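Observations on the three-dimensional arrangement
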Amino acid sequence: MKISKSMLYKILTVVAILILAAVMMIIGRGHTIYLDNKAYDAQSGSYPAYYRTDIEVKNNEVQKLSARERGSATFMGQSVKITVTYMETKNSQKQTETFRIKVPYGWDGIIINLPALLHGEPKSAYMSQFIETPVEPSNAEEVVVTDEFVVGDI
Amino acid sequence: MKEKSFASKIWNLFRNNSVPFMFIIICAVCIPISGFSLNYLLAEIITRIARNSFLILSLLIPIMAGMGLNFGMTLGAMAGEIGLILVSDWQIWGIPGMVLAMIISIPISVLLGVICGKIMNLARGREMITGYIMNYFINGIYQLIVLYAMGAIIPIVHSSIILPRGYGIRNTVSLLSMRQSLDNLLAIRFGGIKIPVMTFAVVALLCLFIVWFRKTKLGQDMRAVGQDMEVARAAGIDVERTRIISIVMSTVLAGFGMIIYLQNMGNLSTYTAHSQIGMFCIAALLVGGASVDRASIGNVFLGVTLFHLMFIVAPSAGTVLMGDSMIGEYFRVFVSYAVITFALIMYETKKRRTSSLAGRELALAQKEADK
């Protein structure tokens, strides 16, 4: 079967659009990352929370976290660059480490345990999925921003 | 003689542009009464031009093809909304989310456009009322899909989007993850006014596309069909196909326009966002001096400026004059419907006057031939 030139262009256009859609799905996938500065217990060892951590996610400062605190940030894409500046104790020196972490596509929320990450634990140890607790539906009215195209109630 | 001709020229200019002149007068009266600063008005107008222009530009192609004001653009708006709902559930954010929503809207818009175009071909000469009624028909299907199929047949997983009963979409879908992502891209601030450069670039691109399209073979065919269908048919143009293509293009562009519009708003009223959009876009275009059979890019920008200026100042002017902002709010909605009615009456009157003049000329010619 011979494919005409115009049919070939149409097929190529459809393929290009599908590729574009696939790329958009990957680069635009949004995630929320939760960074826990909490003690971590594992078979390989127990790591206490850091006295203080300053965290940057994709070059944007997220939060300064003290021990037992949680910070969060949002980002798009399938990997995230995290820079952690930390002090183990009140009097210790500041140290900085940078990580590039790949995240699973299907996870909306990702919890990263900072002590486990900084001590070189495997991905399965420092990363877990954040599962939202189902919230009872609220009966409160939703505020809707409109373009004043509809006359409101008198 | 020369003076008379000048006066008649002025009169003709006023008569042919009575709607824009009327709006200029309304705005000129309302602006000082409203008490808004020039800076505020300018900022609002720039935002609204960026938000609405793409949608209004989508109306130009069917006018070119002689199909009048495409009330069926609402179908494209529904397709855009379906794209946005799916993208929100898939958690695709920002510009990629917008692009993906546009891609999703294309096949839906094309399908709806083909259906609408075919029906309009069957109802030739009554395209506008057909398109208007089509909205209600397709709106029913849209609501069936969004209210019952989404969640039950089409997977929707996020509790912030789906109704607590497990199927159907909530009344409002938050688009915070893509709110003003296009507007903020390369935006510049000039004297405290934000200018959404990228949105204007997209609108400019569409303007260029329309200018280029008019010169293409298909564009020329559409103009020929718009001028006289029988002559176009005799010239070998597939009139029906050309008309369907014009509606499909308008519907697809309306879908894109709705996505640009909603990214600016930052939320989506699932069941009502599209309901009035066609009406107000058409009103804005007519305010700009367009008519049922003639519209230009200039009409779009003049219309969106004047129409939205009236929208901004009318409630405040109403409050100052009558002590009630609702008066102004009613006034602007009333004016929107009035301007469409006025334009339709003007079009019909002009058409009848032209055909009666042609009839009289023909009768006169026959009389002279008989002599």
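Residues numbered from 1 in each chain as written. Chains lettered and ligands numbered in written order. Predicted model: local features only at pLDDT ≥ 70, side-chain atom pairs only at ≥ 80, totals over all residues. Heavy atoms only, no water.

The next subject is the overall build of chain A. When its secondary structure is counted, chain A shows three helices and ten strands. Within chain A, the fraction of its 154 residues that count as buried is 34%. A fraction of 56% describes how many contacts in chain A between residues 6 or more apart in sequence connect residues 24 or more apart. For chain A, the accessible surface area stands at approximately 10,000 Å², while carbon and sulfur atoms represent 56% of it. (Helix = DSSP H or I, 4+ residues; strand = E, 2+ residues; numbered from the N terminus. Buried < 20%, exposed > 50% of the residue type's maximum accessible area, 1.4 Å probe, protein only. Contact = heavy atoms within 4.5 Å. Areas by Shrake-Rupley, 256 points an atom, 1.4 Å probe, with all protein chains shown as cover.)

Let's shift gears to the overall build of chain B. Counting its secondary structure elements, chain B contains 15 helices and four strands. Taken over the C-alpha trace, chain B has a radius of gyration of 23 Å; the compact-globule value for 371 residues is 21 Å, and the two agree within 12%. With respect to the three principal axes, the spread of C-alpha positions in chain B is 85 × 55 × 35 Å. A total of about 17,200 Å² of accessible surface is found on chain B, and carbon and sulfur atoms cover 68% of it. (Rg over C-alpha atoms; globule rule 2.2 N^0.38 Å.)

With that settled, the discussion passes to helix α7 (residues 127-149) of chain B. Residue and element names in this part refer to chain B. Taking 1.5 Å of rise per residue, 23 residues should cover 33 Å, and α7 covers 31 Å from first to last C-alpha, within 8% of that figure. Listed as buried for α7 are E127, M128, T130, G131, M134, N135, I138, N139, Y142, V146 and A149. Each element contacted by the buried residues of α7 is listed here: α5 (73-89), α6 (94-122), α12 (239-265) and α15 (325-370). (Expected span 1.5 Å × (residues − 1).)

The next point concerns the packing of aromatic side chains. The tally for this structure, following the rule as stated, stands at 14 aromatic pairs over all chains. Both rings, one in W11 of chain B and one in F14 of chain B, keep their centres 6.5 Å apart while their planes meet at 25 degrees; by these two values the pair is stacked. One end of the pair is W11 of chain B and the other is F14 of chain B, both in helix α1 (residues 2-16) and three residues apart, which spans about a single turn. Three or more aromatic residues link up through ring pairs in this structure, and these residues are W11, F14 and F21 of chain B. In this structure, R29 of chain A is placed above the aromatic ring of Y105 of chain A, and the distance from its NZ or CZ to the ring centre is 5.3 Å. (Phe/Tyr/Trp six-rings, centres within 6.5 Å; stacked < 30°, edge-to-face > 60°. Lys NZ or Arg CZ within 6 Å of the ring centre and 35° of its normal.)

A complete count under the given rule lists ten salt bridges over all chains for this structure. R29 of chain A is the salt-bridge partner of D108 of chain A, the closest N and O atoms lying 2.7 Å from each other. Here D108 of chain A, found in the loop between β8 (95-102) and β9 (109-113), pairs with R29 of chain A, found in the loop between α1 (5-27) and β1 (30-37); they are 79 residues apart in sequence, far enough to count as distant. The partly exposed category is assigned to D108 of chain A, whose relative accessible area is 24%. Residue D221 of chain B is joined to K217 of chain B by a salt bridge in which the shortest nitrogen-to-oxygen separation is 2.8 Å. On the criterion of helical spacing, the pair formed by D221 of chain B and K217 of chain B is a turn pair, its members being four residues apart in helix α10 (residues 217-227). Its relative accessible area of 12% is what places D221 of chain B among the buried residues. According to the relative accessible area criterion, K217 of chain B is exposed, its value standing at 62%. (Salt bridge = Lys/Arg side-chain N within 4 Å of Asp/Glu carboxyl O.)

Take the packing of helix α9 (residues 197-215) of chain B against α10 of chain B next. Residues and elements named next belong to chain B. Between α9 and α10, the shortest axis-to-axis distance is 4 Å and the interhelical angle comes to 75 degrees. As the angle between them shows, α9 and α10 are arranged roughly perpendicular. Between α9 and α10, the residues in contact are F213, R214 and K215 and K217, L218, G219, Q220, M222 and R223, respectively. Grouping the amino acids of the contact of α9 with α10 by side-chain chemistry returns three nonpolar, two polar and four charged. (Axes fitted to C-alpha atoms, helices over the stretch in contact; angles between N-to-C directions. Parallel < 35°, antiparallel > 145°, perpendicular 65-115°, else oblique. Nonpolar A, V, L, I, M, F, W, Y, C, P; charged D, E, K, R; others polar.)

Before going further, it helps to examine the confidence of the model for chain B. Looking at chain B, pLDDT values average 89 and 99% of them are 70 or higher. Confidence scores differ between elements of chain B, with α1 of chain B showing the lowest mean pLDDT of 77 and α9 of chain B the highest of 96. (pLDDT = per-residue confidence, 0-100.)

Our focus in this paragraph is a positive patch on the surface. Residue and element names in this part refer to chain B. A cluster of basic residues, R15, R294, K350 and R353, forms a positive patch at the surface. Mapping R15 onto the fold places it in helix α1. Taking the relative accessible area as the measure of exposure, R15 reaches 39% and is therefore partly exposed. (Patch = residues over 30% accessible without salt bridge, like charges linked within 9 Å, V, L, I, M, F, W, Y side chains within 5 Å. Lys, Arg positive; Asp, Glu negative; His and termini not counted. Charge placed at Lys NZ, Arg CZ, Asp CG, Glu CD.)

Our next topic: the sheet that holds strand β4 (residues 52-57) of chain A. Residues and elements named next belong to chain A. Spatial strand order, β5-β4-β7-β8: four strands in an open sheet with antiparallel pairing. Only two strands of the sheet have a single neighbouring strand rather than two, namely β5 (60-66) and β8. Strand-to-strand twist in this sheet, taken as the mean axis angle between neighbours without regard to direction, amounts to 20 degrees. Relative to β8, strand β7 (residues 79-87) runs antiparallel, the two being bridged by eight bridges. Residue pairing for β8: K81 is matched across the bridge by R100. (Pairing = 2+ DSSP bridges.)

Now for the sheet that holds strand β6 (residues 69-76) of chain A. Residues and elements named next belong to chain A. Judged by pairing direction, the sheet is mixed, and its four strands sit side by side in the order β6-β1-β9-β10 without closing on themselves. At either end of the open sheet lies a strand with only one pairing partner, and these are β6 and β10 (127-130). Sheet twist, expressed as the mean angle between neighbouring strand axes with direction ignored, is 30 degrees. Bridge analysis of β1 against β6 gives eight bridges, and the strand direction is antiparallel. When the bridges of β6 are listed, I33 appears paired with A73.

With that out of the way, let us pick up the confidence of the model for chain A. On average, chain A scores 84 in pLDDT, and the residues at 70 or more come to 86%. Across chain A, the secondary-structure element scoring lowest on mean pLDDT is strand β3 (residues 45-47) of chain A, at 82, and the one scoring highest is α1 of chain A, at 94.

To continue, consider the pairing of β5 of chain A. All names here are of chain A. Here β4 pairs with β5 via six bridges, running antiparallel. Counterpart to I55 in the pairing with β5 is Q63. Turn length for the β4-β5 hairpin, with the two strands adjacent in sequence and antiparallel, is two residues, and the turn residue K58 shows positive phi of about 50 degrees.

Let's shift gears to helix α2 (residues 18-34) of chain B. Between its first and last C-alpha atoms α2 of chain B spans 24 Å; for 17 residues at 1.5 Å apiece the expected length is 24 Å, and the two agree. Directly beyond the C-terminal end of α2 of chain B, a positive phi value near 80 degrees is found at G35 of chain B.

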